[in-house]
Amino acid sequence: MYNKWKKNVKVLIAALSITLFATSVVWALDGLKMREKLRHLGIKNVIIMVPDGCDETVQTVARWFKGENLQLDKMQGGGVKTHMADSIITDSAAAATAFACGHKTSDGFVGVGPSLEGLLSGYEPTADPYTPIASVLEAAKIKGMATGIVVTCRISHATPAGFASHVSSRAWDNDITEQMVYNNIDVVFGGGARHLIPEDSYYTTTFGDVWKGKRTDGDDLIQILRDRGYAFVDNTEDMQAQSGGKVWGLFDDSHMEPDIDRQYFAKHQPSLAEMTAKAIELLSQDRDGFFLHVEGSQVDWAGHANDPIYMVTDFLAFDEAVKIACDFADRDGHTLVLAFPDHNTGGMKIGHYYTPMGYTKTKIEDLVDPLKGMKITSAGLVKMMEGDDSAANIQLKISKFWSLDITEEQAQEILNYQAAAGVSLDYAISYIISKYYTVIGWTTHGHNGETVPLWSYGAEVSKGIIDDTQLATIAADAMNTDLDRISHRLYVGISTITNDYEIVGDLSINDYGLTGNLVLKVRGAEFPINKDYMTYKNRKIKLPGLTIYAPVTGEVYVSQKAVSLLGLMQ
Ligand SMILES: [Zn+2]
C-alpha cells in the first residue's frame, strides 16, 4: 500500500515539474516573443516615469480625493518585483540601477555592480562588483537620441543618479552631479544646484536668493555647462522661454518644494507637469528620437513621513505629468511610456486599528474630508512654526493649515511620539493625526518589500509579474539596443589592459564624494575622472562616455575608443 502511495507521489511530482518547466518555457517564449515584438514596434521615444515610494493604495486614495479616474488607471498591467541584491526591501539607488541598467546591485550603489558581501541567499550577481554598467539613457545617447531627466529632488539624488552616473555611494552628490554634467544630457530639470557651485562661492538667483556651493574640487559646473553650450535657468518663466537647444534648469539649491507647498515657499518653481511638457517639447525636436526619465521624487518622502496629504498631492502631480507624456504619445504614435514605483514606502493602507466608524461603515467623506482640509504638508507646517515646537503652537498651526482642532493631549502625544520614535516633528504630526483624524494606516517610516504596479502606454509590455531589471531590457528592446554591449563599449577596466598607469591627485573622500580632481595618466594621455574627454599630445579628445574611478577597488574605467586610441588594443 505504502509503495503504491510512494509511486503515485513520484508520478505527481514528475507531472508537476514537467508542467512547471513547460510553463516556464512558455513564459520564456512569451518573453522572447514580447521582446521581438518590442524591437519591431518602431518605437522612437521612450519615457520612464517613476513615482518614488508608493503602490496602488495611494492610487486609490488619490482617485477618491480627485473624484474621478486617474491617467494611470488606464495604463495598469502587470507588476514589478523590487528586491535588490542584498535585501528583499530595496533602497532607491539599487532600484534605479536595476531598472535603468538591468542589473541588481547593493544598498546605496548607483550604476555599478554589487558588492559580494551580504548577498541574498541563492542570489548570483549578473554584474561585476563595483563595475560601471551602462544605463538606458547612456544607450540612447550612443544611438544619437536626445536625452533628458526631470525630477523634483536634487538631480544627484538616487533615482535620477541611476540613469546617468556610476558611484558606489548614493551620498556622493558632487561626483554624481559632475558625471551628469559630462554625460551630455540634453535637458535636465530639478533641484540640487549647490553641487554645481564651488564651496567658496555663491550663485545669486534671478529671484534674489543666494545659493552657497558644496563642491570641494573648485569646479564651477554652471560655467562649464554654459561653456559646453547649455542654457542655465532657475525659474519657471525662463524655463518656458526655452524654445530649443540644450538646457539645465535647477530651481533649488537642494530639493524642490513639495507640490502643495510651492505656493508658500517657492512660487518661482515649476510643477512636475510643466517641466515634463517643456522637456518633451525640446527633446522631440531631435529626429532620432529621445529618452526621458521623469520622477515624482517626493511621494517617497511623504511615505517616510506618513503624511497622507503630501503623498496624495505629489502623486496627483505625478499623474498629471503622466497625462502630459501620454497625450504626447497619442499625438506622436511612436512613443512608449513606462511608469512604475521603485518600491513602496510607509506601507499606506486605507483602514487601520483606530478607525472609529468600523471598517464596513467607511464613507468617501471619512477618507477624503480630512485630507481636503489639509493645505500644506506636515514638513511645511513645521516650517510655519518657525522653531516654536510647543504643544500650543502645534495646535494652532494644525488648526490654521489642516482645519483640525486637536486636543492638548493629542498635541502632547505628538511630542511624546517624536521623542519615543526618534523621528522629526513633521513625521510625528502626520503619524498621530493619521491615527486620530483619518482612516489611513501606516506600517513603517521606511520602505516596504512588496511587488508594485506597472503602468504602460503606447505598447503592451507585460502581462505578469516581472523583475525590475527587466524594465531596463524592455526599454532597451524598444530602442533596439543592448545594454551589456554598451557597457563593454563604455567601461573597460584599465588594469585589464595595462599596468602602466597611475592615478594622480587627492584620493580622499568627503561627505559628497571625491575631494579633488583626479586624473588617470597612461602612456602620455590624461583622463580626468568623471569627465568625457582625454588629453593626448596637447589635444583634447572627446570620448563617448565617462572615465569612472571606483575608490573601493582602485580600478579606473575608460571607453573602448580611448583604449584603441592609445593603441592598447586587447
Ligand atoms: Zn525612500
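Since this is a predicted model, take the numbers as computed values, not measurements. (Residues numbered from 1 in each chain as written. Predicted model: local features only at pLDDT ≥ 70, side-chain atom pairs only at ≥ 80, totals over all residues. Heavy atoms only, no water.)

1. A short note on empty space enclosed by the protein
At step 1: The tally for this structure, following the rule as stated, stands at five cavities of 30 Å³ or more.
At step 2: Quantified by volume, the largest cavity comes out at close to 90 Å³.
At step 3: Forming the walls of the largest cavity are 13 residues, and the residues nearest its centre are Thr152, Glu257, Asp259, Arg262 and Asp314. (1 Å grid on protein atoms, 1.4 Å probe; cavity = no way out; pocket = protein on both sides within 12 Å on 5 of 7 lines; lining within 4 Å. Points joined across faces, edges and corners; volume = space filled by probe spheres on them.)

2. Quick word on a nonpolar patch on the surface
At step 1: A cluster of nonpolar side chains, Trp64, Ile350 and Ile364, forms an exposed patch at the surface whose accessible area comes to about 280 Å².
At step 2: Structurally, Ile350 can be placed in strand β11 (residues 349–350).
At step 3: A relative accessible area of 39% means that Ile350 is categorised as partly exposed. (Patch = residues over 30% accessible without salt bridge, like charges linked within 9 Å, V, L, I, M, F, W, Y side chains within 5 Å. Areas by Shrake-Rupley, 256 points an atom, 1.4 Å probe, with all protein chains shown as cover. Salt bridge = Lys/Arg side-chain N within 4 Å of Asp/Glu carboxyl O. Helix = DSSP H or I, 4+ residues; strand = E, 2+ residues; numbered from the N terminus. Buried < 20%, exposed > 50% of the residue type's maximum accessible area, 1.4 Å probe, protein only.)

3. Focus: the packing of helix α10 (residues 272–283) against helix α12 (residues 308–332)
At step 1: Axis separation between α10 and α12 bottoms out at 8 Å; the angle between their running directions is 25°. Our classification of the angle between α10 and α12 gives roughly parallel. Two packed elements cross with a definite hand, and for α10 against α12 that hand is right-handed. In this structure, α10 uses Leu272, Ala273, Thr276, Ala277 and Ile280 to contact α12, whose residues at the interface are Ala317, Phe318, Glu320, Ala321, Ile324, Ala325 and Phe328. (Axes fitted to C-alpha atoms, helices over the stretch in contact; angles between N-to-C directions. Parallel < 35°, antiparallel > 145°, perpendicular 65-115°, else oblique. Left-handed = near helix turned anticlockwise from the far one by under 90°. Contact = heavy atoms within 4.5 Å.)

4. Some thoughts on the nonpolar core
At step 1: Counting 151 residues, the largest nonpolar core has Ile48, Met49, Phe189, Trp248, Ile398 and Trp402 as the members making the most contacts within it.
At step 2: In terms of residue count, α12 provides more of this core than any other element does, 13 residues in total.
At step 3: Filtering out sequence-adjacent residues up to four positions away, Ile398 remains in contact with Leu381, Ser403, Leu404, Ile406, Ile414, Ile429 and Ile433. (Core = buried A, V, L, I, M, F, W, Y, C linked by side-chain atoms within 4.5 Å.)

5. Here's the deal with the pattern of salt bridges
Between side chains of opposite charge, a pair can form as their charged atoms come close.
At step 1: Under the defined criterion, the tally for this structure stands at 21 salt bridges.
At step 2: Its salt-bridge partner being Asp55, residue Lys349 comes within 3.9 Å of it at the nearest N-O pair. Residue Lys349 is found in strand β11, and its partner Asp55 is found in the loop between β1 (45–51) and α2 (56–66); the two are separated by 294 residues along the sequence.
At step 3: Note on Lys349: relative accessible area 42%, which makes it partly exposed.
At step 4: With relative accessibility at 7%, the residue Asp55 sits in the buried group.
At step 5: Across the pair Glu68 and Lys66 runs a salt bridge, and its minimum N-O distance is 3.9 Å.
At step 6: A relative accessible area of 40% means that Lys66 is categorised as partly exposed.

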